[in-house]
Amino acid sequence: MRTLLAATAAAAVLLGAGCEKKSATAPAGPAAAPAPAPAPSAGNTVLIGEVFSLTGDKATFGISSRNGIEMAVKEANAAGGVKGKKIETRVYDDQGKPEEAANATTRLVNQDQVVLVLGEVASSNSIAMAHVAQPAQVPMITPTSTNPKVTEVGDYIFRVCFIDPFQGFVMAKFARDNLKLNKVAVLRDLRSDYSTGLTDVFTRKFTEMGGKIVAVETYNQGDSDFRGQLTAIKRAGPDGIYIPGYYNEVGVIAKQARELGLTVPLMGGDGWDSEKLFELGGSAVEGHYLSNHYSADDPSPRVRKFVADYKAAYGSVPDALATIAYDAAGVAIAAMRRAPDLSRKSIRDAIAQTKDYPGVGGSVTLDERRNAVKPAVVLKVGKGKFDYVTTINP
Amino acid sequence: MASIPAPLRGVLPVLLALVVLAGLQLFVGDLPFFVYVSSLVGVNIILAVSLNIVNGMTGQFSIGHAGFMAVGAYVGGKLALEMKDLAIAGLPSAASDQLQLLASLAVGGAAAALAGFLVGLPSLRLRGDYLAIVTLGFGEMIRVIVSNLEVFGRALGLSGIPQTSSFMMIWAWVFLVVLVARRIQDSAHGRSLLAIREDEVAAEAMGVDTTGYKVRAFVISSFFAGVAGALFAHFVPIINPGSFTFVKSIEVVTMVVAGGLGSITGSIVAAVVLTLLPEVLRSLFLQVGGLEGGAALAQKVDQIRMPVYGLLLVILMLARPQGLFGSREFWDALPRWWTRFRRAAP
Amino acid sequence: MGEFVQHLINGLAAGTIYALVALGYTMVYGVLKLINFAHGDVMMVGTFFAYAVARGLGRPANTSFLGVTVIFLVAMAGCALLGLVIERFAYRPLREKPRLTALITAIGISFTLSYGFQLDFGPLPGAAPRAFPEIIPPREWLILGDRAVVIWNWQVISLGIALLLMVALQSLVYRTRFGRAMRAVSFDHRTAALMGIPVDRVIALTFMLGSALAAGAGILFALKDTVVQPLMGLYVGLKAFVAAVIGGIGNVPGAVVGGLLLGLVEEFVVGYSASSWRDAVAFSFLILVLLVRPSGLFGRATAEKV
């Protein structure tokens, strides 16, 4: 009897506590109408929000992205911050689920009153975030979501990477024109929209250019045995295999492909860009190709410095996710410095005007659809590093 | 006390609830974060209470509830997407939206109920542990099917579903599922379920059609899971297979078990606590730790959530396996005059 | 033809791992009537122990016969200990309670282990996958046709080790006193207790044995797929459990047959039809078998006494 009452009382208190906190912080007004957003940066800090997957099976990507942003913020603060104010970040984990991404964004936008939101990696989660950020009129930049739908949600949503239709085209062109391939097999990640999106574009473009797709096989992110799919691909007799997945699986795929006697070139996208590719793939990854935003070979001091600083702070060479997230934060900070004041609308307008921002991962210019217009580079995997091959312009 | 006419007596609580909820809706309408979190809580309560009907009242091991939620979400969501540009003539758009929402809920729930029937009929003949694996497998299979079909958006998922759900709609359904569960519990039907739970062989010997009752419980439970899923699809901007994994099923099972198998109150309380706890902790750490330290601490909390969940399950089973409420309900604790009022036959 | 043989080899290799893990499941189910959901994660822990030892020994020590033996023994011993602790503190107190309680506990332990290992504080490895050291330097062993089929030395060695473990287990269960005690307890633990068999001790030892076997399976898995990561045990464990059920849970040869069959079916479905339906294969196969033979392929239909 007593436990019963105690437990119900506890729940009521929790509910009450929750309620109190929510109505105590000023409600943002009806979600549909533009939030008048009183300069939340009154005081000497300005708050930006981040939403990433810090747990779950996509944890490594979220953690990389967060690290990249952290570095950018730290550097900016060391240089005096933005308009004399220190930048503070609020990071929430969304466990890789869109409802939690929407939850975290709602909290950031309404409770924490951030001026800007950065996130996410997976396009589904970014779309969820965008649907909260747009009506609340909070500018949002996604570092690495590549599905075109993300920025279509509204004019407050931006991205600093190229979109699937471009990157898929890049590799199709390279495969056809440079490698002179006629028959290509594709091995895609079922659980990743990025991988599926690239597959769709690549198959379409490659066929348009006169090539033939001889097999399309699928795996799941997190799998470690790809021999069944690779054996089936081997049977189809391709002269190249397109694997638009992430480095965790690609390294192992390359190893198993070689083990099965597949010696044709493998091709991929920026999801390959990480030290882990070499750790997991060993020498099997050498000699293959990937499309990317930039070349770490790039002797520019900015790139060198970034790689060295990142390594010192986090113990490993940055992967593509960390690099592009660093640039996303950089674009945001540059916009905040350019903007006349730190209101959400001004920041949004400043971001929209980003032109030739000197990012580590390539120069960023945002087009009228708020996507980044950048050339892509094709790299060849060498011994422990990526070697520049060629540039392909949009 | 004025006697309530018989036909109205059944529906009265629902009407009362609707009035109360409408009032609350006016009050909380402009608190988007509160509405969002309370919607999540509401959906979890519906899931927990519906699962309780199978796991708690009937004593079966079903651990694939997220699969039925997924069926409801995708089917209801897809229907809503198709109907997006249509409106019912002659009604103000808000009413038309709500009617369309109700249609999606009904269809999503029905699809999930059908799935429940198809899964339940063959597997409820099997032993308890096997049912667990089959329901788990069903959940996984739904995910695979959805990930493969372009019509359901594959890995990206379905976006653009009209976000017409509201505080009132969700909590009305919470009320409904609790009412239905309660009515089942108090009825002869419910007593048969309890008999099956306590000793299936004896129940069969007493003439209870065990398979029939089990399947029925399964179907009712899946229906509400489907409704929960369809509601979910109407307030979350995009749904994809990642929201309906085995981990979600286990979260719901945890709520039912922690609350007490067979106790509706327990499921409600556990669902509320387990959904709100991470949010409360986040707020707490941010306030206590200040901006810098608090944020880092809140992140750590997010990271240790899953292992702590696991530990919680273990400790709970070791220390208090009957769950928080055992099989008691809070309405058992209501003062005598209320129960006498209810039972007073005109 | 070539790729058919290759598929056969791939399927058998995967199936052997499932079989080893399924053996652990089936043994524990036999004595405790419990689905030890955490079994796959115990395998994962064992693999990480092996990883740590192999890294600690360094090359070339970890490729020598002695080195490899040490790695196996340490990992298996470590897991046996883990199994002992789990049984003693989490399952024993729940022995007379309803099975759902123990099932929930098992799920709790599974989550604690797998998601706990994803954290990166202290000795915990963190979420990123790591390359398992090559303790058997790969060399091609047999090539058929024009590289149509390639068999590697470690595949043969792994098969040998798996067979060794299975034969050892078989002799233990059917030729020793302890094995007889185990079988007695799984048949009827109350009567076994009356016959003077120390039931608690037998159960604890069975658990330790199953866990050690899981560690062995984990190392073979790491040899095959070359990566280790904290969530690796979840799916392998689930599939192995499905394999055990297909073979008839509680039945030792059934677990082996179930495991091999599952490995083969998965491989052939992936290889010859759409690979995107791979995850659904195991469960569809299970449902099919259960519809036709509800107690599994080798299971005995037990009459439930009132």
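Rules used throughout
- Residues numbered from 1 in each chain as written.
- Chains lettered and ligands numbered in written order.
- Predicted model: local features only at pLDDT ≥ 70, side-chain atom pairs only at ≥ 80, totals over all residues.
- Heavy atoms only, no water.
- Helix = DSSP H or I, 4+ residues; strand = E, 2+ residues; numbered from the N terminus.
- Rg over C-alpha atoms; globule rule 2.2 N^0.38 Å.
- Buried < 20%, exposed > 50% of the residue type's maximum accessible area, 1.4 Å probe, protein only.
- Contact = heavy atoms within 4.5 Å.
- Areas by Shrake-Rupley, 256 points an atom, 1.4 Å probe, with all protein chains shown as cover.
- Lys, Arg positive; Asp, Glu negative; His and termini not counted.
- Charge placed at Lys NZ, Arg CZ, Asp CG, Glu CD.
- Buried area = accessible area lost by both parts, 1.4 Å probe.
- Salt bridge = Lys/Arg side-chain N within 4 Å of Asp/Glu carboxyl O.
- Patch = residues over 30% accessible without salt bridge, like charges linked within 9 Å, V, L, I, M, F, W, Y side chains within 5 Å.
- Expected span 1.5 Å × (residues − 1).
- Pairing = 2+ DSSP bridges.
- Axes fitted to C-alpha atoms, helices over the stretch in contact; angles between N-to-C directions.
- Right-handed = clockwise from strand over helix to strand, strands pointing away.
- Parallel < 35°, antiparallel > 145°, perpendicular 65-115°, else oblique.
- Left-handed = near helix turned anticlockwise from the far one by under 90°.
- Polar contact = N/O pair within 3.5 Å; in protein donor to acceptor, adjacent residues only side chain to side chain.
- Nonpolar A, V, L, I, M, F, W, Y, C, P; charged D, E, K, R; others polar.

A. Up close: the overall build of chain B. Regarding its fold elements, chain B presents 12 helices and 2 strands. Reading the secondary structure of chain B in the N-to-C direction produces α-α-α-α-α-β-α-α-α-α-β-α-α-α. Against the compact-globule benchmark of 20 Å for 346 residues, chain B has a radius of gyration of 21 Å, which places it among compact chains. With 346 residues in all, chain B has 58% of them scored as buried. A sequence separation of at least 24 residues applies to 82% of the contacts in chain B between residues at least 6 apart. Surface accessibility of chain B: about 13,400 Å² in total, with carbon and sulfur atoms responsible for 69%. Each charge sign in chain B was given a centre, from 23 positive and 19 negative side chains, and these centres are 7 Å apart.

B. Structural view of the interface of chain A and chain C. Counting residues at the interface gives 31 residues for chain A, matched by 34 residues for chain C. Carbon and sulfur atoms supply 49% of the area buried between chain A and chain C, which totals about 2,600 Å² over both sides. Across the chain A-chain C interface, the total number found is 4 salt bridges. Between E3(C) and R235(A) there is a salt bridge; the shortest N-O distance is 3.1 Å.

C. Representation of the environment of I69(A). All names here are of chain A. Secondary-structure assignment places I69 in helix 2 (residues 59-78). Remark: the alpha-carbon pair of I69 and A172, spanning 103 residues in sequence, is separated by 32 Å. Discounting residues that sit within four places of it in the chain, I69 has contacts with E50, F52, L118, A325, Y326 and A329.

D. Examining a nonpolar patch on the surface more closely. Residue and element names in this part refer to chain C. Judged by side-chain polarity, M1, F4, L8, L12 and Y272 come together as a nonpolar surface patch covering roughly 480 Å² of accessible area. It is helix 1 (residues 2-32) that provides the largest number of residues to the nonpolar patch, a total of 3 residues. Given a relative accessible area of 37%, Y272 falls into the partly exposed group.

E. Expanded view of helix 5 (residues 128-148) of chain B. Taking 1.5 Å per residue as the helical rise, helix 5 of chain B with its 21 residues ought to reach 30 Å, and the 31 Å between its terminal C-alpha atoms agrees with that figure. The buried fraction of helix 5 of chain B is high, at 19 of 21 residues.

F. Region of the structure containing the sheet that holds strand 1 (residues 45-52) of chain A. Residues and elements named next belong to chain A. Here we have 5 strands laid out as an open sheet, ordered 2-1-3-4-5, and parallel in their pairing. Looking at the sheet topology across the chains shown, the edges are occupied by strand 2 (86-93) and strand 5 (157-159). Strand-to-strand, the axes of this sheet are offset by a mean angle of 25°, without reference to chain direction. The strands touched by helix 2 are strand 1, strand 2 and strand 3 (116-118); relative to strand 1, the strand with the most contacts, the crossing angle is about 165°.

G. Quick look at the pairing of strand 2 of chain A. Residue and element names in this part refer to chain A. In terms of burial, strand 2 is largely enclosed, as 7 of its 8 residues are buried. Pairing between strand 1 and strand 2: 8 bridges, direction parallel. In the sheet register, V51 faces strand 2, and the bridge partner there is Y92. In terms of handedness, the path from strand 1 via helix 2 over to strand 2 forms a crossover that is right-handed.

H. Structural view of the packing of helix 6 (residues 164-178) of chain A against helix 7 (residues 193-208) of chain A. Residues and elements named next belong to chain A. Contact geometry for helix 6 and helix 7: axes closest at 8 Å, N-to-C directions at 50°. By the angle class used here, helix 6 and helix 7 are oblique. Helix 7 is crossed by helix 6, and the crossing has right-handed handedness. Across the interface between the two elements, D164, P165, Q167, G168, F169, M171, A172, A175 and R176 from helix 6 touch D193, Y194, G197, L198, V201, F202, K205 and F206 from helix 7.

I. Broad picture of the interface of chain A and chain B. Between chain A and chain B, the residue contacts involve 50 residues of the former and 47 residues of the latter. For the pair chain A and chain B, the two sides together bury roughly 4,700 Å², of which 63% comes from carbon and sulfur. Viewed at the interface, chain B and chain A are joined by 3 salt bridges. Of the charged contacts in the structure, one is a salt bridge between R107(A) and E279(B), with a shortest N-O distance of 2.8 Å. For the pair chain A and chain B, the interface holds 7 residue pairs in polar contact (both at pLDDT 80 or more). Counting residues per element, the ones that place at least two in the side of chain A that touches chain B are helix 1 (2-24), strand 2, helix 3 (98-111), helix 4 (123-133) and helix 7 of chain A. Residue contributions to the side of chain A that touches chain B peak at 10 residues, all from helix 1 of chain A. Each residue belonging to the side of chain A that touches chain B can be placed in one class, and the counts come to 18 nonpolar, 17 polar and 15 charged.

J. A look at the side chain of R66(A). Mapped onto the elements of the fold, R66(A) is located in helix 2. Given the relative accessible area of 13%, R66(A) is considered buried. For R66(A), the residues in contact, after removing those within four places along its chain, are E50(A), F52(A), L54(A), V91(A) and Q299(B).

K. Main features of the side chain of D164(A). Locating D164(A) in the fold gives a position in helix 6. D164(A) has contacts with T146(A), N147(A), D193(A), Y194(A), G197(A), L198(A) and V201(A), leaving out every residue within four places of it along the chain.

L. Local environment of the pairing of strand 14 (residues 386-392) of chain A. Residues and elements named next belong to chain A. Bridge analysis of strand 13 (residues 376-381) against strand 14 gives 6 bridges, and the strand direction is antiparallel. The residue of strand 14 that forms the bridge with L379 is Y388. Where strand 13 hands over to strand 14, the hairpin turn is made up of 4 residues, of which G384 adopts a positive phi near 75°.

In short, the description is geometric, and any link to function would need to be established separately.
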